[in-house]
Amino acid sequence: MTNQQYIYYLIRYICSMKNFIFKSYKRFTILFWILIAILLWFQSLNYQTSFMEAILLTLCIFSSIFLINILLSNYLLPKAIREKKLGVFWGQFIGLTLLMGLIMVLILAAFRQLELSGFFSPSNLFSDSDSFWVDFKNQMPASIVINLAIVGLRFYYEHMRLEKIHLESELQALKAQINPHFMFNVLNHIYYYVKNKDDIAPTLLLNYSDILRYQLYCGQQKDVNLEEELQFLKNFINIETIRWEDKLDINCLWKIENTSKRIPPLLLIPLIENAFKHVSRSSNDKGYININFEQKESMICLEVENSKLAIPVNRKEQSGLGLENLKNRLEILLHNKYSLSIQETETKYNSKLVIQI
């Protein structure tokens, strides 16, 4: 087994473990809320409240705790992690925890009044020495512990989710490093040109070796020079241009201010590879691919447009994995610093990626 195969199967195993933990989190959260509801119920009965009062009190307190925790863990925390504003989140956490304690005190005050008015029979839940501040101090520890527990679980969940996406992205990158279908097609073309003593063979072989070298040695780096990434794209386009000869019109426009800018490797190739994969090829109507690349200051824009068959062709479900993997990588590496738009009509397919570096 080669090192690359070993890494591939190791990442697959880790991904499977992450999937197990990822799914267990939801079951554990449901179990946690069930336990909270049961504890509130038994606590109410322990103070000799009536059956109906215990149900209503449990429902009111549980609802307030649940809604505030949903706001904290399902909305505010993920947003803070995405935007890297955890300091703001902890301020929100303190404010909502105080609000939860206040709501619980108000609920208890309402039920005290219901008992005093005779709506519910008297219980041991309240005493004459109770006051607003005493109740507030009594409820705050429970509010803090419950909120910390749920937020801690959610933080762990978000960490595992991002780590899972990272690993899956690495796995897809390893899978895509050498596309066997592309490899064999190029090798067949090289063999054909060598056999016929065609001068194109050395150029094709040189571009092909450069592609393999870049994928194997630069593909795993955190970032590369823009010049290296563009040369990789041009080598790929040159090979495809030679392979399809006069069956496609391929037009490229490159506008670059600074080739020393650094970007994540293999980030741009999916759009170009997708165009060559799905472009229309017909003896009656020549297909086309237009590739426009522009780098200006901190902005990089790649727009790719290709013709497509008017008659839809059945595609395998996996045909969209390349773009899905690209979206995952963009979200991880360039959150809020990119835009990806894809437009499709009956005759053409257009994709445009803009990133800030």
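Residues numbered from 1 in each chain as written. Predicted model: local features only at pLDDT ≥ 70, side-chain atom pairs only at ≥ 80, totals over all residues. Heavy atoms only, no water.

### Digging into the overall build of the protein
Secondary structure assignment for the protein yields nine helices and seven strands. With 357 residues in all, the protein has 38% of them scored as buried. For the protein, restricting intrachain contacts to residue pairs at least 6 apart in sequence, the fraction spanning at least 24 positions comes to 75%. Total accessible area on the protein is roughly 21100 Å²; 59% of this is exposed by carbon and sulfur atoms. (Helix = DSSP H or I, 4+ residues; strand = E, 2+ residues; numbered from the N terminus. Buried < 20%, exposed > 50% of the residue type's maximum accessible area, 1.4 Å probe, protein only. Contact = heavy atoms within 4.5 Å. Areas by Shrake-Rupley, 256 points an atom, 1.4 Å probe, with all protein chains shown as cover.)

### Here's the deal with helix α2 (residues 51-83)
The terminal C-alpha atoms of α2, which comprises 33 residues, lie 47 Å apart, in line with the 48 Å expected from a rise of 1.5 Å per residue. The largest bend along α2 reaches roughly 35° and is located at Leu76, with the proline Pro78 sitting one to four residues downstream. At the exit of α2 stands Lys84, carrying a positive phi of roughly 55°. (Expected span 1.5 Å × (residues − 1). Bend = angle between axes of the 7 residues up to and from the residue.)

### Thoughts on the sheet that holds strand β4 (residues 287-296)
Spatially, β2-β4-β5-β7-β6 is the arrangement adopted by the five strands of the open sheet, whose pairing is mixed. The open sheet is flanked by β2 (248-256) and β6 (338-344), the only strands paired with a single partner. Averaged over neighbouring strand pairs, the angle between their axes works out to 5° when direction is ignored. On the sheet, helix α7 (residues 226-244) packs against β2, β4 and β5 (299-307) and is oriented at approximately 165° with respect to β2. Where helix α8 (residues 269-278) meets the sheet, its contacts fall on β2, β4, β5, β6 and β7 (348-356), and the angle it forms with β5 comes to roughly 5°. (Pairing = 2+ DSSP bridges. Axes fitted to C-alpha atoms, helices over the stretch in contact; angles between N-to-C directions.)

### Observations concerning unusual backbone geometry
The backbone phi angle of Leu266 is positive, close to 60°, even though this residue is not glycine. On the secondary structure map, Leu266 appears in the loop between β3 (262-263) and α8. With a phi close to 55°, Glu297 is a non-glycine residue in the positive phi region. Inspection of the secondary structure assignment puts Glu297 in the loop between β4 and β5.

### Looking at the environment of Leu102
Take Leu102: it is sitting in helix α3 (residues 86-116). For the pair formed by Leu102 and Gln139, sequence separation is 37 residues and the distance between their alpha carbons is 8.3 Å. Residues contacting Leu102, with those up to four places away along its chain left out, are Phe132 and Phe136.

### Comments concerning the nonpolar core
By size, the foremost hydrophobic cluster in this structure holds 43 residues, and its most contacted members are Ile272, Phe276, Leu302 and Val304. Residue assignment for this core shows that the elements contributing at least two residues are α5 (180-195), α6 (200-217), α7, α8, β4, β5, α9 (321-333) and β7. Among the elements that make up this core, the one with the highest residue count is α7 (nine residues). Residues in contact with Ile272, not counting those within four places in the same chain, are Leu233, Phe236, Ile237, Ile291, Leu302 and Val304. By size, the runner-up hydrophobic cluster in this structure holds 27 residues, among which are Phe62, Ile68, Leu72 and Ala80. (Core = buried A, V, L, I, M, F, W, Y, C linked by side-chain atoms within 4.5 Å.)

### Some details on the packing of α2 against α3
Closest axis-to-axis distance for the α2/α3 pair is 10 Å, and the angle between their directions is 170°. The angle between α2 and α3 places the two elements in the roughly antiparallel class. Classifying every residue of the contact of α2 with α3 by side-chain character gives 23 nonpolar, three polar and two charged. (Parallel < 35°, antiparallel > 145°, perpendicular 65-115°, else oblique. Nonpolar A, V, L, I, M, F, W, Y, C, P; charged D, E, K, R; others polar.)

### Some remarks on the confidence of the model for the protein
When the pLDDT values of the protein are averaged, the result is 79; 82% of them are 70 or greater. Predicted confidence in the protein is weakest over helix α1 (residues 3-46), with a mean pLDDT of 65, and strongest over β5, with 95. Low pLDDT, under 50, characterises residues 1-11; the predicted model gives this stretch 13 contacts beyond four residues in sequence or across chains. (pLDDT = per-residue confidence, 0-100.)

### Observations concerning the pairing of β5
Most of β5 is tucked away, with seven of its nine residues classed as buried. Sheet topology note: the β4/β5 ladder contains eight bridges and is antiparallel. Bridge pairing in β5 links Glu294 to Cys301. If you look at the hairpin formed by β4 and β5, you'll find two residues sitting between the two strands, and Glu297 has a positive phi there, around 55°. As judged from the nine bridges shared by β5 and β7, these two strands associate in the antiparallel manner. Residue Leu302 lies in a different strand from β7, and its bridge partner there is Leu353.

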